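Structural overview for review
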Amino acid sequence: MEYEPLNMDNDGFEIDLALGDDAVDIVHPVDDDEMVDSSASREYYIPEGDSNLEPYEGMEFESEEAAKSFYNSYARRVGFSTRVSMSRRSRRDGAIIQRSFVCAKEGFRVDREKPGSDGKVKRPRAVTRVGCKAIMAVKIQNSGKWVVSSFEKEHNHELVPPDKVHCLRSHRHVSGAAKALIDTLQGAGIGPSGIMSALIKEYGGISNVGFTERDCRNYMRSSRQRTLGGDTQILLDYLKQMQAENPSFFYAVQGDEEQYMSNIFWADAKARMNYAFFGDTVTFDTTFRTNRYRLPFAPFTGVNHHGQPVLFGCALLINESDASFMWLFKTFLTAMSGQPPVSITTDHDRVIRSAITQVLPGTRYRFCKWHIFKEAQEKLSQVFLQHPHFEAEFHMYVNLTESIEEFQSCWMALIDRYDLREHEWLQSIYADRRQWVPVYLRDTFFAEMSITQRSDSINSYFDGYVNASTTLQLFAKQYEKALEHRFEKEVKADYETMNTTPVLKTPSPMEKQAAELYTRKLFIKFQEELVETLTFSATKTDDEGPMTTYRVTKFDEDHKAYFVSLNALEMRATCSCQMFEFSGLLCRHVLTVFRVTNVLTLPSHYILKRWTRNAKSGVILEERSSDLLISCRESATVRYNNLRHEALKYVEEGAKSMDIYTVAMECLQEAAKTVALAKKNGGRLPIANGSSGAEGVTDGSGALQWGSGEPLSGDEKDKKIQELSRELNRASRRCEVYRANLLTVLKDIEEQKLQLSVKVQNIKIGMKE
């Protein structure tokens, strides 16, 4: 399916639904013979809780990408190929506000073929357009969701049977497992035809392979060159340059940079500071691969106080062994001052899981649920074809079950109903259910507002910048652009939080309190929960000591109850839905209990600082800055670069004249003696006696010995200790003053930086207007 590449991120952008003069149409021309990009990812989406697999007007999706994936999944089941026909942008800010997905046979071909010298077309193409009217159009709402505005089901041509649907362009996809097998067979010297034969045998038929021999040839052509050559040196030079410009830039290479190299990790100063504020939950994603070498580019990302993706560090993985991932997670931990995250989300991979359990034993890890759903498209393709309702039920039972018991019961009923108890892949993911099924993960913080929705941080930070066609030569440039783009989005969200006042929907003091504390996006999420309490009731069911239990139900859903336990003395509540534990925001059920018990404001322990507008405060900045500087000094690479940089200053100045050369040489020789003496004394420098000029060093116990080698007498020791104590006190007082001044300066810098960002945003808005 051809469509205009778009970085889908709905954070903080204006939505203009005027479809008249304030919008502009975009037509997407396509070539009938154009091949689908076999390296592009495919994800089929089913609206959660909706078992009707056919589109209908009014159907809602979380994103335009979800709508496109759903229509393509529907097309696969029915038997036709899809493409994007027309888009509509807002004239106000250029954002896409409407999309039209059509059957690939929509319209009629415009003849762009040029005849040869004999007047005939050299390679006439078959006519594939027959004016089919099948279409699904979606448009964005003020809520940020996309809704189906029109749907035409009927086609004017025959549909493709299930055993041939893999030949349709929008459904052809070379999966990760197939790529691995192609790489192995290609390395053994087997050609495309032989590889396709092996794939057909491996997957039990050509329809299960999911792509054609032509796709196989295209992939083999793109991955032929496997040696890195000097490309990696370009990246290394870039990292060295960045570190020379800022000592807080961290990078590490597994192996010898000059000879054998295995993996690379780096994190700039801003990324490391981001981790200090938002490193409670981390996503590690290895799905990006460069086209020429297919090397995994793996960013470590998280979620900031606006709910936006934020970068912690990046890795380029040349070797994906157990030892490599062990090294990578240890290096990541070192770069982040040894502070492990509360939780981490990764690909569904045994090697990654093994490394995390060893390096981050206290961190709760989970597999990305959406990667598993995508994997299901391959592993369960035959099941999906034979049982059209299975996929919707599979998604529904994973996403919408409320308890572990309910999930287990529904799962067993599902596999029994479709006779799948012996299915190997289903058995394996059920064994791993505690690492990916939401109902098992609700007791851990993952910074997601909904247990069922997909976090924007997963596989999205570098969308539109790093993809299957990005070479290492272009990588650094694209990496910088992505950082710039994300920073602009954060600045815009800061601006909106500071300069816009949200509309309050209730007279509740709690709502006003939240509006003043939370960022704009997080307040809207909280407001949704608070407003919903008006449709809920709470009934006391148990009252034992300080703990009271309430049964909370919606007025028209009495059969579906949640249980909230409240300690009125400590103002602490827990809900069976565990939303606060999972997302850091109180759920509508706890807020309902607060309403009926006259709790008018949010207790402080339910306001996570990481979700507030003051999440990046100066105090944390000062504390984390010292950690980063210490960790930088502990890096041998940084020490080497700093010493070399300082030494070169003397070389450049000393070479300008003979007199300066002599002075510089004497200084270097004196420095060499001092370094040699310190090395001889285990890294300890001589201590000068201000009164007599005698010198001494400290021994292992800390006792002072002076130049003669004789220890001091008792009185002399006492006198010297008193003298040093006074000096230490004076130094401590000076340090306190310096520390206070530094903290003030850092706070001022943060405020000036924010004010400057707001001014820049105002200028940009003024220029647009």
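Owing to the predicted nature of the structure, the values given are computational and were not obtained by experimental measurement.

1. Considering the sheet that holds strand β18 (residues 572-575)
- If you trace the four strands from one edge of the open sheet to the other, you get β15-β16-β17-β18, paired in antiparallel fashion. Of all the strands in the sheet, just β15 (536-544) and β18 have a single pairing partner and so form its edges. Along the sheet, successive strands turn relative to each other by an average axial angle of 25°, direction set aside.
- Relative to strand β16 (residues 547-554), β15 runs antiparallel, the two being bridged by eight bridges. The partner of Ser 537 across the bridge, within β16, is Thr 553.

2. Let's talk about the nonpolar core
- In this structure, Phe 265, Phe 284, Phe 329 and Phe 394 are the most contacted members of the largest nonpolar core, which totals 62 residues.
- Looking at this core element by element, the count peaks at eight residues for helix α8 (residues 322-335).
- Counting residues in each nonpolar core, the second largest holds 35 residues, with Phe 445, Met 510, Leu 566 and Cys 575 among its members.

3. Comments concerning the environment of Phe 61
- Following the sequence through the fold, Phe 61 ends up in strand β2 (residues 60-61).
- With relative accessibility at 1%, the residue Phe 61 sits in the buried group.
- Between the C-alpha atom of Phe 61 and that of Trp 146, which follows or precedes it by 85 residues, the distance is 5.1 Å.

4. Things to note about the UniProt feature "domain: SWIM-type" (unreviewed entry) in the protein
- In this structure's numbering, the residues bearing the UniProt feature "domain: SWIM-type" (unreviewed entry) are residues 562-598.
- Secondary structure over residues 562-598 splits into 38% helix and 27% strand, and the C-alpha atoms at its two ends are 20 Å apart.

5. Some thoughts on a nonpolar patch on the surface
- A grouping of Met 658, Tyr 661 and Met 665 is seen on the molecular surface, where their side chains present a nonpolar patch of about 300 Å² in accessible area.
- Structurally, the position occupied by Met 665 is in helix α22 (residues 658-680).
- Classification of Met 665 by relative accessible area gives partly exposed; the value is 31%.

6. Topic: the pattern of salt bridges
- With the rule as written, the count across this model stands at 21 salt bridges.
- Residues Arg 610 and Asp 280 are paired through a salt bridge, measuring 2.8 Å at the closest nitrogen-oxygen approach. Of this pair, Arg 610 sits in the loop between α19 (588-596) and α20 (618-633) while Asp 280 sits in the loop between α7 (269-278) and β9 (281-284), and the two are 330 residues apart along the sequence. Note on accessibility: Arg 610 and Asp 280 belong to one class, buried.
- Residue Glu 490 is joined to Lys 616 by a salt bridge in which the shortest nitrogen-to-oxygen separation is 2.8 Å. Taken together, the residues span a long stretch of sequence, with Glu 490 in helix α15 (residues 472-499) and Lys 616 in the loop between α19 and α20 at a distance of 126 residues.
- Taking relative accessible area as the criterion, Glu 490 reaches 8% and is therefore assigned buried.

7. Points about the pairing of strand β17 (residues 557-567)
- Pairing analysis gives eight bridges linking β16 to β17, with the strands arranged antiparallel. In the strand pairing of β17, Thr 553 is matched with Ala 561.
- Here β16 folds back onto β17, and the loop between the two strands holds two residues.
- Inspection of the sheet shows β17 paired to β18 by four bridges, in the antiparallel sense. Each bridged residue has a counterpart across the sheet, and for Ser 565 the counterpart in β18 is Thr 574.
- Where β17 folds back onto β18 in an antiparallel hairpin, the turn is made up of four residues, including Met 571, whose phi is positive at roughly 55°.

8. Side note on the packing of aromatic side chains
- Here the structure, examined in full by the defined rule, presents 34 aromatic pairs.
- Seen from their ring centres, Phe 61 and Phe 70 are 5.5 Å apart, and the 45° between their planes marks the pair as tilted.
- Linked through ring pairs, Trp 370, Phe 373, Phe 384, Phe 390, Phe 394, Phe 407, Trp 411, Tyr 418, Tyr 430, Trp 436 and Tyr 440 together constitute an aromatic cluster.
- Here the guanidinium or amino end of Arg 610 rests over the ring plane of Trp 611, the centre of that ring lying 4.5 Å away.

9. Notes on helix α14 (residues 424-431)
- Taken together, the buried positions of α14 are Trp 425, Leu 426, Ile 429 and Tyr 430. Each buried residue of α14 sits inside an arc of 135° when the element is viewed along its axis, so together they form one side. Of the exposed residues in α14, the ones pointing more than 90 degrees away from its buried face are Glu 424 and Ala 431.
- In this fold, the buried residues of α14 make contact with α10 (369-379), α12 (390-400) and α13 (404-417).

10. Some points on the packing of helix α16 (residues 509-517) against helix α17 (residues 520-532)
- Where α16 meets α17, the axes come as close as 9 Å, and the angle between the chain directions of the two elements is 165°. The angle between α16 and α17 falls in the class roughly antiparallel. Helix-helix and strand crossings are classified by hand; for α16 and α17 the assignment is right-handed. For the pair α16 and α17, contact is made by Met 510, Glu 511, Ala 514 and Ala 515 and by Phe 523, Phe 526, Gln 527 and Leu 530, respectively.
- For the contact of α16 with α17, a count of residues per class yields six nonpolar, one polar and one charged.

Parameters and conventions
Residues numbered from 1 in each chain as written. Predicted model: local features only at pLDDT ≥ 70, side-chain atom pairs only at ≥ 80, totals over all residues. Heavy atoms only, no water. Pairing = 2+ DSSP bridges. Helix = DSSP H or I, 4+ residues; strand = E, 2+ residues; numbered from the N terminus. Axes fitted to C-alpha atoms, helices over the stretch in contact; angles between N-to-C directions. Core = buried A, V, L, I, M, F, W, Y, C linked by side-chain atoms within 4.5 Å. Buried < 20%, exposed > 50% of the residue type's maximum accessible area, 1.4 Å probe, protein only. UniProt positions renumbered as here; feature names shortened; annotations may be inferred. Patch = residues over 30% accessible without salt bridge, like charges linked within 9 Å, V, L, I, M, F, W, Y side chains within 5 Å. Areas by Shrake-Rupley, 256 points an atom, 1.4 Å probe, with all protein chains shown as cover. Salt bridge = Lys/Arg side-chain N within 4 Å of Asp/Glu carboxyl O. Phe/Tyr/Trp six-rings, centres within 6.5 Å; stacked < 30°, edge-to-face > 60°. Lys NZ or Arg CZ within 6 Å of the ring centre and 35° of its normal. Arc of directions from axis to C-beta. Contact = heavy atoms within 4.5 Å. Parallel < 35°, antiparallel > 145°, perpendicular 65-115°, else oblique. Left-handed = near helix turned anticlockwise from the far one by under 90°. Nonpolar A, V, L, I, M, F, W, Y, C, P; charged D, E, K, R; others polar.

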